[in-house]
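This is what each chain is made of:
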Amino acid sequence: MKTMQTNVVTPDGSVFSGETEMVSVKTQEGELGILPRHLPLVTPLTIGAIRIKKDSKVQLIAVSGGFMEVRPDEVNILAESAELPSNIDITRARAAKERAERRLAEARKENVDFKRAELALKRAINRLEVSENRM
Amino acid sequence: MASLKEIKTRISSTKKTKQITKAMEMVSAAKLNKAQNRAESFQPYTDKIREVVTSIAAGTEGVSHPMLEDRPEIKKTGYIVITSDRGLCGAYNSGLLRETMRLINKRHSSPDEYGIVVIGRVGRDFFKKRNMPIYQEITGLPDQPEYTDIKSIAATTVEMFEDELFDEVYLHYNHFVSAISQVVTEAKLLPLTDLGEEVENTEDSGESSEPVGNLDYIYEPDAGTILEQLLPHYAESLIFGALLDGKASEFGARMSAMRSATDNADNMIDDLTLSYNRARQAAITQEINEIVGGAAAQS
């Protein structure tokens, strides 16, 4: 089966690198699956999980924002943060979720804080979901 | 000549100082190693973003963004100055701050024309003492900073540019050349006018960041939107890159400062030991003289 080189890079270093059969991401327009020999493409990502299919196994990675660059034989995902399920700190994500929820409840009036808390909540939920899917 | 006891105390205290400087030298060497690795693992990220931004900016016609264009009138200039939190690192901070002061004094006549974003305690105290306009400050960064540590300060600075509070932004930091050589560097951060030439600033990335042909990208949703999202990211990552570079320089500078301190202590111990031996010899000679003199007087 044809494969493509896939790299997931963050400012703190590379998270994933290897030959894969399919990459599925969540963009701002919706879910997007990339197979080898895709046309060159650039698109921003939202907070969500990336699914990477390799040797018929699916690897999940939680990303917070960033963007993806696709070439016929190469996929590069640049994210502000990206974590493999095994690297997610579940207690921290739970705490972040609770904190964000509390803040959301309090800060309904102020728009700035509201948005921030909403993003924090999304990130926390995303991390928790990805880490739970591991089992 | 100082008394024997005095010299002895000085020798032992110098020895203790030497132990400390020696330890600090080794700690800095280890940290330098780590910082260099960090800077290396970060490099692909900036390279990739730059590559995509350049190819969008070059390949798509009619795409422009405020962050890519020079402003006709420069009302206010922002300076991001990266210093260390602690001293004992030779000329690391003083050289940088002197250069910053020189440039600011040359370019601006009043404090209304510039603003400072400062990283590191030494720089903050320096500018505070001189009553210079500090817009943002961050101190107490860990030795191996993470992107999230400076994300907010970087994002706010980029926003200040977007909101036209600053019309241009410069980065001042020590560029790491080798463990014994750091160069005070000024880099223009915003507007991003020199995307193409940017590559030459980071010599080691020369080969890897070579754009592979000019691919015809599809942009989802469109090129303008992507630029809008990507450029702030790029600017932020440049700030982070400078910080990592500065951290590596800091440890390099501290390492060589501590090495010369250790060497100095060695020399001092040698000198002191010499004068200690002389003083001891003199004391013995005197004692013999006294005995001989006493014996001669009795006979």
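Since this is a predicted model, take the numbers as computed values, not measurements.

(A) Expanded view of a negative patch on the surface. Taken together, Glu29(A), Glu159(B), Glu162(B), Asp163(B), Glu164(B), Asp222(B) and Glu228(B) make up a surface patch of like negative charges. Residue position: Asp163(B) is located in the loop between α4 (147-162) and β4 (168-178). We classify Asp163(B) as exposed; its relative accessible area is 60%.

(B) Structural detail: the packing of aromatic side chains. Residues and elements named next belong to chain B. Across all of its chains, the model carries 7 aromatic pairs over all chains by this definition. Residues tyrosine 135 and phenylalanine 166 carry aromatic rings whose centres are separated by 5.4 Å and whose planes lie at 70° to one another, so their mutual orientation is edge-to-face. One end of the pair, tyrosine 135, is in strand β3 (residues 134-138); the other, phenylalanine 166, is in the loop between α4 and β4, and 31 residues separate them in sequence. Given a relative accessible area of 30%, tyrosine 135 falls into the partly exposed group. One aromatic cluster is present, formed by Phe42, Tyr45, Tyr147 and Phe240 through successive ring pairs. Looking at arginine 71, its charged tip hangs above the ring of phenylalanine 161, at a distance of 4.1 Å from the centre. Over the aromatic face of phenylalanine 126 sits the side chain of arginine 130, whose NZ or CZ is 3.8 Å from the ring centroid.

(C) The interface of chain B and chain A, seen in detail. Taken residue by residue, the interface counts 25 residues in chain B and 22 residues in chain A. Taking both sides of the interface into account, the surface hidden between chain B and chain A amounts to around 2,200 Å²; carbon and sulfur atoms contribute 64%. When residues of chain B are sorted by the area they lose upon contact with chain A, Tyr45(B), Lys48(B) and Glu220(B) head the list and together hold 26% of the total. On inspection of chain B and its partner chain A, the count reaches 4 salt bridges. The salt bridge involving Arg38(B) is made with Asp12(A); its shortest N-O contact spans 2.9 Å. Linking chain B with chain A are 7 residue pairs in polar contact (both at pLDDT 80 or more), by the criterion used here. Put simply, the parts of the chain that give the side of chain B that touches chain A at least two residues each are α1 (4-59), α4, β6 (218-219) and α5 (223-298) of chain B. Here the side of chain B that touches chain A gets 9 residues from one element, more than from any other, and that element is α1(B). Each residue belonging to the side of chain B that touches chain A can be placed in one class, and the counts come to 15 nonpolar, 3 polar and 7 charged.

(D) Geometry of helix α2 (residues 92-107) of chain B. Residue and element names in this part refer to chain B. The first and last C-alpha atoms of α2 sit 23 Å apart over 16 residues, in line with the 22 Å expected at 1.5 Å per residue. Among the residues of α2, Tyr92, Asn93, Gly95, Leu96, Leu97, Thr100, Met101, Leu103 and Ile104 are the ones counted as buried. Buried residues belonging to α2 abut β1 (77-82), β2 (114-119), α3 (121-129), β4, β5 (181-190) and α5.

(E) Highlighting a nonpolar patch on the surface. On the surface, Ile284(B), Ile288(B) and Val292(B) cluster together to form a nonpolar patch covering roughly 250 Å² of accessible area. Summarising the element assignment, Val292(B) is placed in helix α5.

(F) Here's a closer look at the pairing of strand β6 (residues 48-54) of chain A. All names here are of chain A. Bridge count between strand β3 (residues 22-27) and β6: 3 bridges; the pairing is antiparallel. If you follow serine 24 over to β6, its bridge partner there is arginine 51. Sheet topology places β6 next to strand β7 (residues 57-64); 7 bridges connect them, and they run antiparallel. Looking at β7, one finds that lysine 53 is bridged to valine 58.

(G) The sheet that holds β6(B), seen in detail. Here we have 6 strands laid out as an open sheet, ordered β2(A)-β1(A)-β9(A)-β8(A)-β5(A)-β6(B), and mixed in their pairing. Taken across any chain shown, the strands that pair with only one partner, and hence form the sheet edges, are β2 (13-20) of chain A together with β6 of chain B. On the sheet, α5(B) packs against β5 (41-44) and β8 (67-71) of chain A together with β6 of chain B and is oriented at approximately 55° with respect to β5(A).

(H) Just the domain arrangement of chain A, in detail. Residue and element names in this part refer to chain A. On domain assignment, one finds that chain A holds domain 1 (4-83) and domain 2 (88-131). Facing 10 residues of domain 1, the contacting portion of domain 2 comprises 7 residues. When the two sides are added together, the surface that domain 1 and domain 2 hide from each other amounts to roughly 660 Å², 65% of it contributed by carbon and sulfur. At the surface where domain 1 touches domain 2, the tally comes to 1 salt bridge. At the boundary of domain 1 with domain 2, the tally comes to 4 residue pairs in polar contact (both at pLDDT 80 or more). Of all elements in the fold, only β6, β7 and β10 (81-83) reach the threshold of two or more residues within the side of domain 1 that touches domain 2. Residues of the side of domain 1 that touches domain 2, tallied by class, amount to 6 nonpolar, 3 polar and 1 charged.

(I) The sheet that holds β1(B), seen in detail. Residue and element names in this part refer to chain B. Spatially, β3-β2-β1-β4-β5 is the arrangement adopted by the 5 strands of the open sheet, whose pairing is mixed. For this open sheet the edge positions go to β3 and β5, each flanked by a neighbour on one side alone. Put simply, the sheet's adjacent strands are angled 20° from each other on average, direction ignored. The pairing of β4 with β5 spans 9 bridges and is antiparallel. Following the sheet pairing, serine 178 is matched in β5 by serine 181. Sitting on the sheet, α3 is in contact with β1, β2 and β3, with an inclination near 155° to β3.

About the cut-offs
One numbering rule holds for all chains: residues counted from 1, following each sequence as written. Written order decides the labels, with chains lettered from A and ligands numbered from 1. Since the coordinates come from a predicted model, pLDDT governs what is reported: local features require at least 70, and pairs of side-chain atoms require 80 or more to be given and counted, while whole-chain, interface and lining totals use all residues. No hydrogens and no water enter the side-chain calculation; it runs on all heavy atoms of the structure. To count toward a patch, a residue needs a relative accessible area above 30% and no salt bridge. Like charges then connect within 9 Å, nonpolar side chains (Val, Leu, Ile, Met, Phe, Trp, Tyr) within 5 Å. All accessible-area figures derive from a Shrake-Rupley calculation using a 1.4 Å probe, and residue coverage is judged against the displayed protein chains alone. Each reported salt bridge corresponds to a side-chain nitrogen of Lys or Arg within 4 Å of a carboxyl oxygen of Asp or Glu. We score Asp and Glu as negative and Lys and Arg as positive, and we do not count His or the chain ends. By convention, the point assigned to a charge is CZ for Arg, NZ for Lys, CD for Glu and CG for Asp. For the purposes of this entry, the term helix denotes a DSSP run of H or I that reaches at least four residues, the term strand denotes a run of E that reaches at least two, and both are numbered from the N terminus. Relative accessibility under 20% of the residue-type maximum defines a buried residue, over 50% an exposed one, and the middle range a partly exposed one, all with a 1.4 Å probe and only protein chains included. Any two rings among Phe, Tyr and Trp, with Trp reduced to its six-membered ring, count as a pair given centres within 6.5 Å; such a pair is stacked if its planes are under 30 degrees apart, edge-to-face if over 60, and tilted if neither. Throughout this description, the term charge over a ring refers to an Arg CZ or Lys NZ atom that lies within 6 Å of the ring centre and within 35 degrees of the ring normal. Throughout, a contact is declared for two residues whenever any of their heavy atoms are within 4.5 Å. By convention, the term buried area covers the 1.4 Å-probe accessible surface removed from two parts as they join, with the contributions of both added. Throughout this description, a polar contact denotes any pair of N or O atoms lying within 3.5 Å of each other; where both atoms belong to protein, one of them has to be capable of donating a hydrogen while the other can accept it, and for residues adjacent in sequence the pair is counted only when both atoms sit in side chains. Here the term charged refers only to Asp, Glu, Lys and Arg, the term nonpolar to Ala, Val, Leu, Ile, Met, Phe, Trp, Tyr, Cys and Pro, and the term polar to all other amino acids, Gly among them. Expected helix span is given by 1.5 Å per residue-to-residue step, counting one fewer step than there are residues. Pairs of strands are assigned from DSSP output, requiring at least two bridges between the strands. To obtain an axis, a line is fitted to C-alpha atoms, over the contacting stretch when the element is a helix, and the angle between two such axes runs from 0 to 180 degrees between their N-to-C directions. Where each domain begins and ends is defined by an automated method or by a domain database.

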